[in-house]
Amino acid sequence: MAGKVLHRGLPATERNQETMKVGFESAGLFEYDTSEELLVRLGHDADLVQSIAELARSKGIVAASFTAIGALKCAKLGYYDQRNHEYRELKVDSPHEMASCVGNISLKDGKPFVHVHAVLGDEAGNTKAGHLLEGIVFAAEVHLRQLKGPRLERKYDEVTGLSLWEVE
Ligand code: ZN
């Protein structure tokens, strides 16, 4: 809102020169219908990311979004270095609450690919968060929503160095 106050009274042409993009702008909008929803309790000592990938493969799920809560015995979080285009790893070697976990499933190289982010809380309630590379389950409850629609495949994106969504 501060930007609007600053530009009040300026001619329209100058007002339009704001550098911040506002409003809806999308690099890709894909429309899906919701399908079957699954509630899954993951096994003790299983890796959360691998388990969800296996579930997707076994049930033929190629597009989905999910949330999960529970607790992890240990984890490996990733932080993407936007300048150098590489993930840095943060090891979490102690038990943590999985206070929040969100993710999606799409295709990468023709196979279901699971993208997960998590917020992990320690015994003092302090959190660590990031891209979940690995998470060893103490207990975990997953709510997965299958999506029906176009084939969603990840492709290498030059600008970010990440594999991002494209519809085939
Ligand atoms: Zn990520």
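Please read all numbers here as calculations on a predicted model, not as lab measurements. (Residues numbered from 1 in each chain as written. Predicted model: local features only at pLDDT ≥ 70, side-chain atom pairs only at ≥ 80, totals over all residues.)

Chemist: Describe the overall build of the protein chain, with residues and values.
Modeler: Looking only at helices and strands, the protein chain has three helices and eight strands in total. Start at the N end of the protein chain and walk to the C end: the helices and strands fall as α-α-β-α-β-β-β-β-β-β-β. (Helix = DSSP H or I, 4+ residues; strand = E, 2+ residues; numbered from the N terminus.)

Chemist: For the confidence of the model for the protein chain, give the residues involved together with the corresponding values.
Modeler: Overall, the prediction assigns the protein chain a mean pLDDT of 90, with 88% of residues at 70 or greater. Scored below 50 in pLDDT, residues 1-15 makes five contacts in the model with residues more than four places away or belonging to other chains. (pLDDT = per-residue confidence, 0-100. Contact = placed C-beta atoms within 7 Å.)

Chemist: Can you tell me about the environment of Gln-146, naming the residues and giving the values?
Modeler: Mapped onto the elements, Gln-146 comes out in strand β6 (residues 127-148). For Gln-146 and Tyr-32, which are 114 residues apart along the polypeptide, the C-alpha to C-alpha distance reads 9.5 Å. If we ignore the near neighbours within four places in the chain, the residues touching Gln-146 are Ser-35, Glu-36, Ile-61 and Ala-64.

Chemist: Outline the pairing of strand β4 (residues 96-108), listing residues and values.
Modeler: Strand direction decides the pairing type here: strand β2 (residues 64-81) and β4, joined by seven bridges, are antiparallel. Considered in β4, the bridge of Phe-66 is made with Gly-103. Pairing of β4 with strand β5 (residues 111-121) involves 11 bridges; the strand directions are antiparallel. Residue Leu-107 lies in a different strand from β5, and its bridge partner there is Pro-112. Taken together, β4 and the strand that follows it, β5, pair antiparallel across an intervening segment of two residues, in which Asp-109 is found at a positive phi of about 55°. Here two bridges tie β4 to strand β7 (residues 152-156), and the two strands are oriented parallel to one another. (Pairing = 2+ DSSP bridges.)

Chemist: Quick one: what's the story with helix α3 (residues 48-59), residue by residue and with numbers?
Modeler: Here α3 contains 12 residues, and its C-alpha end-to-end distance of 17 Å stays within 8% of the 16 Å for a straight helix at 1.5 Å per residue. Considered for burial, the residues of α3 that qualify are Leu-48, Ile-52, Leu-55 and Ala-56. The arc enclosing the buried residues of α3, seen along the axis, measures out at 100°, which places them on a common side. Exposed positions of α3 whose direction lies more than 90 degrees from the buried face are Gln-50, Arg-57 and Ser-58. Note on α3: the residue one or two positions beyond its end, Gly-60, has a positive phi of about 65°. (Expected span 1.5 Å × (residues − 1). Buried ≥ 20, exposed ≤ 12 C-beta atoms within 10 Å, placed from the backbone. Arc of directions from axis to C-beta.)

Chemist: I'd like to hear about unusual backbone geometry, residue by residue, with values.
Modeler: Positioned with a positive phi, Asp-45 is a non-glycine residue whose angle comes to about 75°. Within the element layout of this structure, Asp-45 appears in the loop between β1 (33-42) and α3. In this model, His-85 sits at a positive phi of 55°, which is unusual for a non-glycine residue. Among the secondary structure elements, His-85 is positioned in the loop between β2 and β3 (86-92).

Chemist: Break down the environment of Arg-145 for me, with residues and values.
Modeler: By the secondary structure assignment, Arg-145 is in strand β6. As for Arg-145 and Asn-104, which are separated by 41 residues in sequence, their C-alpha atoms are 9.2 Å apart.

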